[in-house]
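One letter stands for each residue in the lines below.
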Amino acid sequence: MQSPLPQTWDLERFFAGGSQSEAFARFLRQLETNIAALRTALKELRVPNTAEEATALLPTLALLQKAALALREADSFTACLAAANQNDKTAVMLAGKVKAIGAEYATAQTHFDDLLTRIGEEAWQALLAHPETTEIRYPLVERKLLAADKLPPEQEALVNDLAVDGYHGWGESYNTTVSKFRVPYEENGEVLQLSAGQAANRMHSPDRKVRQKLFRSWEEQWAEHADYCADALNHLGGFRLKLYERRGWEDIHKEPLAINRMTKETLDAMWGVIEGGKDIFVRYLERKAKLLGIPKLSWYDVDAPVGEGSLEFSYDEGAQLIVEQFRRFSPRMADFAERAFENRWIEAEDRPGKRPGGFCTSFPIAEETRIFMTYAGTASNVATLAHELGHGYHQHVMNDLPALAQEYAMNVAETASTFAEMVVADAAVKAASSEAERITLLEDKIQRSVAFYMNIHARFIFETNFYEERRRGLVGIERLNELMTAAQKQAFCEALEEYHPHFWASKLHFYITEVPFYNFPYTFGYMFSTGLYAEALRRGAAFEDQYVALLRDTGRMTVEELARKHLGVDLTKPDFWQQALDLSVADVHEFLRLTE
């Protein structure tokens, strides 16, 4: 690879001119025209009853999928603009316009789905058997079943329209709040005003005084912004609950489970195994406290580095490490990563004005992805980079599939990303040049297990309990803090001295409107990818083709079917989850042995 690698992405490749792009304005106008044509076509369609009449749906289905790809392209572009520069208010306005267009598309989808519920059986079977629907049979069946469980199409269309300035509007309101967020931080005699992303990165400092001081300021600043965050969270929750009530849905987990194409039995089996196996991770937290020379860890210590083997990686070094480890497992994944690094698909520069966190988003028409993060040279940053490249590779192997077959759920999306992260982390531990370095890398790997088994679990517990309270009315800031602290204590088995009461405000995931319960799919992906990784170790290079086949099926079946077909396991039973947990437990045992 070239050196030095670029650390800013190229968005001009899609639409020159950024938020002022004339090309993008034309693209949006064309998209609106296409969606209008789609809605007209749907109004003119008769409900088919015969096999011959079923073919009349195919042109409309093609229009639907074409618009879906264009909408994803537009949404990705505005998301990238706004994330890279939170002061770009034009980008925020464009994102709002895309959401409005998205509501028009969602209404068209609603009418198409309603048509599927009324189609005659002969026509339905003929549609599923047609060569043009071979790759999208499962999404079509899924849409038909889900539509039958919702409100009449006119009411669902009204919900979509009202959600733009209501439901999604509250999500955007939170983003505006975060864009104004600043944490004062003194460095080399100068007081810096850190963005949320910069402050989060610095809380991984090896100096506990720095972490502690920064965390105090972090909590204070979120407390100052809490009114705005509480408003957004309460109204997002209220919207969902009222909609669920109108649809006759009582279980708050019904929609997120349906979105993730998994059953409650699978979710319960996963959490049950995790809850039964936390003792060893409490022992890890206790050992880490001892190594840091403190009686008990606090929230800001959980991700702190330990030992003298603390490593820093320049961006080029991190990239090289990722490509090398990918290549051991999958030459195609390594080639993809090289292309992403060299062709400016990644925005990694550490600078003010960027939003916190990291993401990978796809441009399906251009058949490229873009990755966003703030790289500060930590082992955790390298892991995040590998994680997002895993997302990118997942989309890469699906680019030639129809739009509906590309719509895979978050939990299997997190499988691909976490698998990539695991490949890098495990290989790095095994290749450590000293015991101190091995401890550092192993500990960084275990931190991710703690994140998925404890931190994510706390988010799931909090969100579940929040919705139960929200049914009875607005939930105030003090109560939100209490719910969050209680969830963290439960998930971490009371192992911490100090918690993060305002985590409900600081965590973007609670405010993402596209996917409710933006938490348990991460844990699913982590554990499912652990099972995949064990299979990869058994099969060696032969696993690459099997892995690609699994990824290509992620938009075409439930997770239970995916696991049965490609791994031969039953996800509703604890056996698979226990085997995955055992691999993480082995890491902790090794860490405890090395740090005696």
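Predicted, not measured: the structure shown is a model, and the values here were computed from it.

A. Geometry of the pairing of strand E5 (residues 368–372). Burial of E5 is extensive: five of the five residues sit out of reach of the surface. Judged by which residues are buried, E5 turns out to be covered on both faces: Glu368, Arg370 and Phe372 on one side and Thr369 and Ile371 on the other are all buried. The pairing of strand E3 (residues 346–347) with E5 spans two bridges and is classified as parallel. Bridged to Glu347 within E5 is Phe372. Direction of pairing for strand E4 (residues 359–363) relative to E5: antiparallel, over a ladder of five bridges. When the sheet's bridge partners are listed, Phe363 is paired in E5 with Glu368. Linking E4 back to E5 in an antiparallel pair, the connection comprises four residues, with Glu367 at a positive phi of about 60°.

B. Just the environment of Phe543, in detail. Mapped onto the elements, Phe543 comes out in helix H22 (residues 543–553). Once the C-alpha coordinates of Phe543 and Ser330 are considered, the two residues, 213 residues apart in sequence, prove to be 8.6 Å apart.

C. Quick look at the pattern of salt bridges. For the structure shown, the criterion picks out 42 salt bridges. Residue Asp587 is joined to Lys445 by a salt bridge in which the shortest nitrogen-to-oxygen separation is 3.3 Å. Highlighted residues: Asp587 in helix H24 (residues 574–594) and Lys445 in helix H18 (residues 435–470), separated in sequence by 142 residues. Lys445 carries the same exposure label as Asp587, and that label is buried.

D. Region of the structure containing the packing of helix H17 (residues 410–430) against helix H21 (residues 520–539). One can describe the packing of H17 onto H21 by two numbers: an axis separation of 7 Å at closest approach and a directional angle of 55°. Between H17 and H21, the interaxial angle falls into the category oblique. For the pair H17 and H21, the crossing hand works out as right-handed. Mapping the contact onto sequence places Met410, Asn411, Glu414, Thr415, Thr418, Phe419, Met422, Val423, Asp426 and Lys430 in H17 and Pro521, Tyr522, Phe524, Gly525, Tyr526, Phe528, Ser529, Thr530, Leu532, Tyr533, Ala536 and Leu537 in H21. For the contact of H17 with H21, the per-class residue count stands at 13 nonpolar, six polar and three charged.

E. Structural context of the nonpolar core. Ranked by internal contacts, the top residues of the largest apolar core, which has 203 residues, are Phe326, Phe341, Ile346, Leu385, Leu389, Phe462 and Trp504. Per-element tally for this core: the top contributor is H18, with 15 residues. Among all residues touching Trp504, those that are not within four sequence positions of it are Ala226, Cys229, Ala230, Leu233, Phe462, Ile477, Leu480, Asn481, Met484, Phe510 and Tyr511.

F. Spatial organisation of the sheet that holds E3. Here we have three strands laid out as an open sheet, ordered E3-E5-E4, and mixed in their pairing. The open sheet has two edge strands with one neighbour each: E3 and E4.

G. The packing of aromatic side chains, seen in detail. Here the structure, examined in full by the defined rule, presents 46 aromatic pairs. Ring plane angle 75° and centroid distance 5.5 Å describe the contact between Phe181 and Trp218, whose orientation is recorded as edge-to-face. Here Phe181, found in the loop between helix H8 (167–179) and strand E1 (183–187), pairs with Trp218, found in helix H10 (residues 208–247); they are 37 residues apart in sequence, far enough to count as distant. Across the pair, exposure class does not vary: Phe181 and Trp218 are buried alike. Ring geometry for Phe462 against Phe466: centres 6.1 Å apart, planes inclined by 15°, an arrangement best described as stacked. Residue Phe462 and its partner Phe466 are located together in helix H18, separated by four residues, close to a single helical turn. Per residue, the accessibility class of Phe462 equals that of Phe466, and both read buried. Pairwise contacts between aromatic rings join Trp271, Trp299, Phe460, Phe462, Phe466, Tyr467, Phe492, Phe503, Phe510, Phe517 and Phe520 into one cluster. The ring of Trp249 carries the charged tip of Lys254 above its face, separated from the ring centre by 5.3 Å.

H. Up close: the pairing of E1. Here E1 pairs with strand E2 (residues 190–194) via five bridges, running antiparallel. Opposite Tyr185, over in E2, you have Leu192 as the bridge partner. Counted between consecutive antiparallel strands, the loop separating E1 from E2 contains two residues, among which Asn188 sits at a positive phi close to 55°.

About the criteria used
Residues numbered from 1 in each chain as written. Predicted model: local features only at pLDDT ≥ 70, side-chain atom pairs only at ≥ 80, totals over all residues. Heavy atoms only, no water. Buried < 20%, exposed > 50% of the residue type's maximum accessible area, 1.4 Å probe, protein only. Helix = DSSP H or I, 4+ residues; strand = E, 2+ residues; numbered from the N terminus. Pairing = 2+ DSSP bridges. Salt bridge = Lys/Arg side-chain N within 4 Å of Asp/Glu carboxyl O. Axes fitted to C-alpha atoms, helices over the stretch in contact; angles between N-to-C directions. Parallel < 35°, antiparallel > 145°, perpendicular 65-115°, else oblique. Left-handed = near helix turned anticlockwise from the far one by under 90°. Contact = heavy atoms within 4.5 Å. Nonpolar A, V, L, I, M, F, W, Y, C, P; charged D, E, K, R; others polar. Core = buried A, V, L, I, M, F, W, Y, C linked by side-chain atoms within 4.5 Å. Phe/Tyr/Trp six-rings, centres within 6.5 Å; stacked < 30°, edge-to-face > 60°. Lys NZ or Arg CZ within 6 Å of the ring centre and 35° of its normal.

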